[in-house]
Amino acid sequence: MDKKLVVVFNTDADRRFTLNISNPADDLTEETLLQEAGRLISTNALAPTQGKPVSV
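Figured I'd write up the structure that's included with this text. As the structure is a computational prediction, the values presented were derived from the model and not from experiment.

**Observations regarding the sheet that holds strand β3 (residues 53-55)**
Moving on, step 1. Here we have 3 strands laid out as an open sheet, ordered β2-β1-β3, and antiparallel in their pairing. Here the strands that pair on one side only, and so sit at the sheet edges, are β2 (16-22) and β3. With direction set aside, neighbouring strand axes in the sheet form an average angle of 50°.
Moving on, step 2. Across 7 bridges, strand β1 (residues 4-11) lies against β2 in antiparallel orientation. Bridge assignment links V8 to a residue of β2, and that residue is T18.
Moving on, step 3. Sitting on the sheet, helix α1 (residues 30-42) touches β1, β2 and β3, and the angle it makes with β1 is about 45°.

**A word on the environment of L19**
Moving on, step 1. For L19, the location among the structural elements is in strand β2.
Moving on, step 2. Under the relative-accessibility criterion, L19 is labelled partly exposed at 24%.
Moving on, step 3. A C-alpha to C-alpha distance of 12 Å links L19 and Q50, two positions 31 residues apart in sequence.
Moving on, step 4. Sequence-distant contacts of L19, defined by excluding residues within four places in its chain, comprise L5, V6, V7, F9 and L40.

**What about the pattern of salt bridges?**
Moving on, step 1. Counted under the stated rule, the structure contains 2 salt bridges.
Moving on, step 2. A salt bridge links K3 to D26; the shortest N-O distance between them is 2.4 Å. Of this pair, K3 sits in the segment before β1 while D26 sits in the loop between β2 and α1; the two residues are 23 residues apart in sequence, bridging distant segments of the chain.
Moving on, step 3. Classification of D26 as exposed rests on a relative accessible area of 69%.
Moving on, step 4. Salt-bridge contacts for R39 lead to E36; the nearest nitrogen and oxygen are separated by 2.6 Å. You can see R39 and its partner E36 sitting in helix α1, 3 residues apart, about one turn around the helix.

Calculation rules
For every chain, the first residue of the written sequence is number 1, and numbering continues from 1 along that sequence. It should be noted that, the model being predicted, local features are given only for residues of pLDDT at least 70 and side-chain atom pairs only at 80 or more, the latter also being counted only at that level, while totals for whole chains, interfaces and linings use all residues. Hydrogens and water are ignored here; the side-chain numbers use all heavy atoms of the structure. In short, DSSP must find at least two bridges between two strands for them to pair. The secondary structure listing takes helices from DSSP runs of H or I that are at least 4 residues long and strands from runs of E that are at least 2 residues long, numbered from the N terminus. Simply put, an axis is a line fit to the C-alpha atoms, just over the touching stretch for a helix, and the angle between two N-to-C directions goes from 0 to 180 degrees. Contacts were defined at the residue level, with two residues in contact if any of their heavy atoms lie within 4.5 Å. Note on exposure labels: buried denotes an accessible area under 20% of the residue type's maximum, exposed denotes more than 50%, and partly exposed covers the range between, all computed with a 1.4 Å probe on protein chains only. Only one rule defines a salt bridge in this text: a Lys or Arg side-chain nitrogen within 4 Å of an Asp or Glu carboxyl oxygen.

Here it is, written out as structure tokens:
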């Protein structure tokens, strides 16, 4: 069975950007996920049309 992880980012345009991850690692913790999401935000690695992600 396929698993799917959905991460929702709030953007500077008061919109939401959804990142879907198929089959995330079984040992992925919330702490690790939030750290990595923060890294994506701080490095401006994401550039969705909904605006710049600012929080999870």
